[in-house]
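Structural features, examined
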Amino acid sequence: MNIERTFELSLPGDEALLHSPEKVFGGRSPFEAMSREGLRLRGALVADVPLLGELRFPFESELVLGAGLAQLEPILPSPIPDYWAEIAGEGRVQGEKLRYEITVRLHAEVPPGDKWGGKALRRMAEAAFERTLSRALSQLQR
């Protein structure tokens, strides 16, 4: 199962903060334990999914910095876990604000469900993932 969502975010800040996404997003829902080593950004998205509990979607992205610009390019994990995320996007300084456009892709291995009960459970899980992600990302924009 794959869920993708792109969102835009505007926050007060300057270029120094733009070049430190771990300070902007780290510790804010849905991000957890975000850290940076050089130009590698690592962390996890945390989602509380009914019936499944709290799920962690680890991610790793490469940070590309420029004047007034910061881009994130996802790095695929090896080996691929059952639950993981891709974070990609771009941030820019515009006046006294930071403007981001970020795409989040969640990947989850959910059993296919051959019978109607399994298929219904899969659809419920997909809907729960989607709602949880939408709710958590909307909190960032407040």
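Notes on the structure in this doc start here. (Residues numbered from 1 in each chain as written. Predicted model: local features only at pLDDT ≥ 70, side-chain atom pairs only at ≥ 80, totals over all residues. Heavy atoms only, no water.)

Bringing the overall build of the chain into the picture now. A tally of regular secondary structure across the chain gives 3 helices and 7 strands. Within the chain, the fraction of its 142 residues that count as buried is 40%. Nonlocal contacts in the chain, meaning residues at least 24 apart in sequence, comprise 53% of its contacts between residues at least 6 apart. Summed over all atoms, the accessible surface of the chain reaches about 8,000 Å², with 51% contributed by carbon and sulfur. (Helix = DSSP H or I, 4+ residues; strand = E, 2+ residues; numbered from the N terminus. Buried < 20%, exposed > 50% of the residue type's maximum accessible area, 1.4 Å probe, protein only. Contact = heavy atoms within 4.5 Å. Areas by Shrake-Rupley, 256 points an atom, 1.4 Å probe, with all protein chains shown as cover.)

If you trace the backbone, T103 turns up in strand β7 (residues 97-108). For T103, the side chain forms a polar contact with the side chain of T6, separated by 2.9 Å. Other than its neighbours up to four places away in sequence, T103 contacts E4, R5, T6, E86, I87 and A88. (Polar contact = N/O pair within 3.5 Å; in protein donor to acceptor, adjacent residues only side chain to side chain.)

Turning next to the side chain of E86. Following the sequence through the fold, E86 ends up in strand β6 (residues 83-94). E86 sits in the buried class, given a relative accessible area of 12%. Here the side chain of E86 touches H107 through a polar contact of 2.6 Å, side chain to side chain. Those residues in contact with E86 that lie beyond four places of it in its chain are P74, L76, T103, V104, R105 and H107.

The next subject is the pattern of salt bridges. Within the structure shown, the criterion is met by 9 salt bridges. Between E22 and R36 there is a salt bridge; the shortest N-O distance is 3.7 Å. With E22 in helix α2 (residues 21-25) and R36 in strand β2 (residues 31-37), this pair connects stretches of sequence that are 14 residues apart. We note a salt bridge from R105 to E86, for which the minimum N-O separation is 3.6 Å. With R105 in strand β7 and E86 in strand β6, this residue pair connects regions lying 19 residues apart in the sequence. Through salt bridges with shared partners, one network takes in E37, R40, R42, E60 and E62. (Salt bridge = Lys/Arg side-chain N within 4 Å of Asp/Glu carboxyl O.)

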